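Chain residues, written in single-letter form:
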Amino acid sequence: MKNKNDTKFMKEALHLALKAEGFTSPNPLVGAVVVKGNKIVGKGYHKKAGSPHAEIIAIKSAGRKANRATLYINLEPCVHYGRTPPCVPEIIKAGIKRIVIAMKDPNPLVNGKGIKKLESEGIDIQVGILEQDAEKINESYIKYITKKMPFVVLKWAMSLDGKIATRTGNSKWISHQKSRDFTHRLRGKFDAVLIGIGTLLKDNPQLTTHGLGVKEPKRIIVDAKGEIPTDCNLLKTEGLPANASPPAAKRAGVAGGQVIIATTNKINKEKKEGLKKKGAEIIIVASENPAPQNASPFMARMTASMRSGVNLKELMIELANREITSILVEGGGTINASFIENGLADKFIAFISPIIIGGKNAISPIEGKGIEKISDAIKIRDFSVRKLGEDIVVEGYIK
């Protein structure tokens, strides 16, 4: 039976879960609160994959007070062995009498099994308190588990008239300092940040969090032909000695396993080896628009000659196989269009600056072919608008 305080204590569990945002992948964000006599007697959150789960920490912090208490948790407790033992037996052992769960775990290894086992032990279970909030904070985990694909967010900064760069390609800086600081912190919430080779050649970015104390994401470059310069900022180990070990470089959030170059067989062999020596990981995937299996040799050659980009869908599958569950795309209009046209983008974050650029040849955030009829436009759902310094931030879901 629902208690009038269930929402209050579930909010605390969700708040705890968010403390580890960016660190738990490929695991979900989970917070737990143990309540007895309408007072919190224990709490905890999952800090990273392989560390104790939230409910175990909360129960241990409650000690003997956990007996006959209520456990609030934003995700169904697990019943399977993964990186850690299952939580359900420990919950039963602690004598918890009631559990309030925000949402079921979509993982097939759990997905109701935890609830069923707990109910079979006579524990009162309430499911669905702040369910939408729980789904939102774990949207990356949900897609990764159910679709075996990363959750993709497109991010761009644009002028009031919808331009991300002038006709000459100049884009520094459209957004203001508060927006740029927000972006640096935002990167730490994702497993990886992705750009195309065009953006790298034009801006030579670092794609780091700029020392804000959050986790450094992996940095992915989509580079079909291997055009990336070996002396670019992404491949530098700034602040480290030249002979720094890969583990030391990795801890610093620079090269040494943190840079992934997604390319095709068009990359030069010597270039590929040179990039590996710089600490980059190379992923070879197919090009876009592969020739049909029954194509003639002539048509196969013609199709191959027209290929220019990396097959993004295949790349997303490869990245998911590497337990990359969330990606922030900070590329230009071309790569944004490719993600949308391939149905791979889930969400966008747009920073709108109060400036006007103008010019029919100025660059827009979504290039590509575009639609012919307004009725075919992509509908944005659940969008929000807020002010950030001098800029306006618009967020919404693409599908």
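In the block above lies the structure referred to throughout.
In this text the structure is predicted, and so the values were computed from the model without any measurement. (Residues numbered from 1 in each chain as written. Predicted model: local features only at pLDDT ≥ 70, side-chain atom pairs only at ≥ 80, totals over all residues. Heavy atoms only, no water.)

**Examining the overall build of the chain**
Check the secondary structure of the chain and you find 13 helices and 14 strands. Across the 399 residues of the chain, 49% fall into the buried class. Across the chain, every contact between residues at least 6 apart in sequence was considered, and the portion connecting residues at least 24 apart equals 73%. For the chain, the exposed surface amounts to about 20,200 Å²; the carbon and sulfur share of it is 52%. (Helix = DSSP H or I, 4+ residues; strand = E, 2+ residues; numbered from the N terminus. Buried < 20%, exposed > 50% of the residue type's maximum accessible area, 1.4 Å probe, protein only. Contact = heavy atoms within 4.5 Å. Areas by Shrake-Rupley, 256 points an atom, 1.4 Å probe, with all protein chains shown as cover.)

**Examining the pairing of strand β8 (residues 218-222)**
Among the five residues that make up β8, four are buried, leaving the element largely enclosed by the rest of the structure. Where strand β7 (residues 192-196) and β8 come together, five bridges link them in parallel fashion. Considered in β8, the bridge of Val-193 is made with Arg-219. Two elements, β8 and strand β9 (residues 259-263), share four bridges in a ladder whose sense is parallel. The residue of β9 that forms the bridge with Val-222 is Ala-262. (Pairing = 2+ DSSP bridges.)

**Examining the nonpolar core**
The biggest cluster of nonpolar side chains holds 39 residues, and the ones touching the most others in it are Met-10, Val-34, Ile-96 and Ile-99. For this core, the secondary-structure elements that each account for two or more residues are α1 (6-17), β1 (31-36), α2 (54-62), β3 (70-73), α3 (88-94), β4 (98-101), α4 (113-120) and α6 (139-147). When residues in this core are grouped by element, the largest group, five residues, is from α1. In this structure Val-34 touches Lys-39, Ile-40, Val-41, Gly-42, Ala-58, Ile-59, Ala-62, Ala-66, Ala-69, Thr-70, Leu-71 and Ile-96, once residues within four positions along its chain are discounted. Membership of the second largest hydrophobic core comes to 33 residues, among which are Met-158, Ile-164, Ile-352 and Ile-398. (Core = buried A, V, L, I, M, F, W, Y, C linked by side-chain atoms within 4.5 Å.)

**Here we look at α2**
Residues of α2 that are buried include every one of Ala-54, Glu-55, Ile-56, Ala-58, Ile-59 and Ala-62, and no others. In this fold, the buried residues of α2 make contact with β1, β2 (39-45), β3 and α3. Downstream of α2 by one or two residues, Gly-63 has phi in the positive range, about 60 degrees.

**Points about the sheet that holds β7**
Spatial ordering of the open sheet is given by β10-β9-β8-β7-β11-β6-β12-β14-β13, a layout of nine strands whose pairing is mixed. With partners counted over all chains shown, the strands left at the sheet margins are β10 (281-284) and β13 (381-388), one partner each. Averaged over neighbouring strand pairs, the angle between their axes works out to 20 degrees when direction is ignored. Both β9 and β10 contribute to a ladder of four bridges, which runs parallel. Each residue of the ladder has a partner; that of Ile-260, found in β10, is Glu-281. (Axes fitted to C-alpha atoms, helices over the stretch in contact; angles between N-to-C directions.)

**Notes on the packing of aromatic side chains**
As enumerated under the stated definition, the model contains three aromatic pairs in all. Taken together, a centroid distance of 5.3 Å and an interplanar angle of 45 degrees make the contact between Phe-9 and Tyr-72 tilted. One end of the pair, Phe-9, is in helix α1; the other, Tyr-72, is in strand β3, with 63 residues separating them in the sequence. Here Phe-9 falls in the buried class, since its relative accessible area comes to 4%. Geometrically, the ring pair formed by Phe-182 and Phe-351 is edge-to-face, given 5.8 Å between the ring centres and 65 degrees between the ring planes. Placement of Phe-182 in helix α7 (residues 177-187) and of Phe-351 in strand β12 (residues 347-353) is noted, with a sequence separation of 169 residues between them. (Phe/Tyr/Trp six-rings, centres within 6.5 Å; stacked < 30°, edge-to-face > 60°.)

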